[in-house]
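# Structural characterization, general
These are the residues of each chain, in order.
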Amino acid sequence: MCMVVLVTGAAGFIGSHVVERLLAQGHTVRATARKAETAEFLRAFPVGEGGALTVVEMDLLNAESVDKAVDGCTTVIHCAAVLMVGISEVQRDLIDPSVTGTKHLCDAIRRSGGVKTIIHTSSVAAIRSSRYVNGTVFTAEDWCEDASTTLNPYGFAKAEGERVMRSFVDQMKSESKPRLVTIHPSIVFGPIHHPRHLNGSMAYLKHFAGKLPFVLHTHLNFVDVRDVADAHIAAMTLGPDGSRLILHAKGLWMREIGVELRRLRPEGSYPVRTLPSWMASVMAMFHPKLSVKTVRSSLGRHVGYDVGASFSVLGMEPRAVESTLLDALDSLP
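## As for the sheet that holds strand E10 (residues 219-224)
- Within the open sheet, the 3 strands sit side by side as E8-E10-E12. Their pairing is mixed. Looking at which strands have only one partner, the edges of the open sheet turn out to be strand E8 (187-189) and strand E12 (250-253). Adjacent strand axes in the sheet meet at a mean angle of 45° when their direction is disregarded.
- Strands in contact with helix H7 (residues 254-264) are E10 and E12; relative to E12, the strand with the most contacts, it is inclined by about 95°.

Right, here's the structure in full:
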């Protein structure tokens, strides 16, 4: 039987890089998007011998569309995710797609009966607690246990979505139980494939290409999107069944990123001056995508992540930070 790999959220930042690699390796890929036209740019990716791409419309909250997408697939890479940007109603726009949507995907996998491997894209947000001691280092053994729809709703959505997937696999009979690996990247940087990819984590790096002469006193833990995509492909065959793999390369303050960019490209005028905290709070009051609460909770605070054997079990090493930063900036429109 031909192996068909389903990639949900294929038009997203991570999903598109996953599709690119699968096609290059000659896989048959079924890529989902809520609206097919948003994924048309995937058709420009080179296709290796034997590879093929089909784009299908799928809404995680529409069980029938999920059933149709999953039917006939042997591997499911669940990259679909909701960004916090533009959320107007947390339950409807964030929690339901993450939790109810994952339940629909699990139901579809059960009904299809042919899925052998599931790679579930989660996040370090499902690992990091909402209330933490400054400087805490988290591991794959940790869970975000203290989040809710009002306190850290993104962490709540990612943790609950992962719990749904794990519970589903655990309850399946051994003869039909698919192999499951969950991937937990920190903030994802790297070259974009479409301008829409600037709406999420890449907005941080876009800031350095802008005209604002300052940075916030914010610490960013990040990893290269290409490493994240490579990890998804490797996890199809490598890594312990049931494992949680943290993907994280480096943690830097925004000022340190500016300093590094100036070192790498002295001709650039990248901002390095840190905005005082009180001014950042005032700015957040008038910013369409920031809140005073969000800004205050992140200023001057940082955590770390112990990746353990995540890269080694997948036969990988993370890319150099210099490559991540420069290739990301060079891809900006």
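Having seen the structure, we can now continue with the description.
## Brief notes about unusual backbone geometry
- One non-glycine residue, Asn-152, adopts positive backbone phi at about 55°.
- Secondary-structure assignment places Asn-152 in the loop between strand E6 (137-138) and helix H4 (153-171).

## Some words on the pattern of salt bridges
- The tally for this structure, following the rule as stated, stands at 18 salt bridges.
- Between Asp-227 and Arg-319 there is a salt bridge whose closest N-O contact spans 2.6 Å. Of this pair, Asp-227 sits in helix H6 (residues 225-234) while Arg-319 sits in the loop between helix H10 (310-313) and helix H11 (321-330), and the two are 92 residues apart along the sequence.
- Among the residues examined, Asp-227 registers a relative accessible area of 2% and is labelled buried.
- Under the relative-accessibility criterion, Arg-319 is labelled partly exposed at 29%.
- Measuring nitrogen to oxygen at the nearest pair gives 3.5 Å for the salt bridge that ties Arg-319 to Asp-230. Linking Arg-319 in the loop between H10 and H11 with Asp-230 in helix H6, this pair joins segments that are 89 residues apart in sequence.
- One salt-bridge network, held together by shared partners, links Glu-20, Arg-21, Asp-227, Asp-230 and Arg-319.

## Some details on the packing of aromatic side chains
- On inspection of all chains with the given rule, the structure shows 3 aromatic pairs.
- Both rings, one in Phe-41 and one in Phe-45, keep their centres 6.4 Å apart while their planes meet at 90°; by these two values the pair is edge-to-face.
- Taking the relative accessible area as the measure of exposure, Phe-45 reaches 9% and is therefore buried.
- When the ring of Phe-138 is compared with that of Tyr-305, the centres are 6.2 Å apart and the planes differ by 35°; the resulting orientation is tilted. On the criterion of sequence distance, the pair formed by Phe-138 in strand E6 and Tyr-305 in strand E14 (residues 304-305) is long-range, its members being 167 residues apart.

Conventions adopted
- Residues numbered from 1 in each chain as written.
- Predicted model: local features only at pLDDT ≥ 70, side-chain atom pairs only at ≥ 80, totals over all residues.
- Heavy atoms only, no water.
- Pairing = 2+ DSSP bridges.
- Helix = DSSP H or I, 4+ residues; strand = E, 2+ residues; numbered from the N terminus.
- Axes fitted to C-alpha atoms, helices over the stretch in contact; angles between N-to-C directions.
- Contact = heavy atoms within 4.5 Å.
- Salt bridge = Lys/Arg side-chain N within 4 Å of Asp/Glu carboxyl O.
- Buried < 20%, exposed > 50% of the residue type's maximum accessible area, 1.4 Å probe, protein only.
- Phe/Tyr/Trp six-rings, centres within 6.5 Å; stacked < 30°, edge-to-face > 60°.

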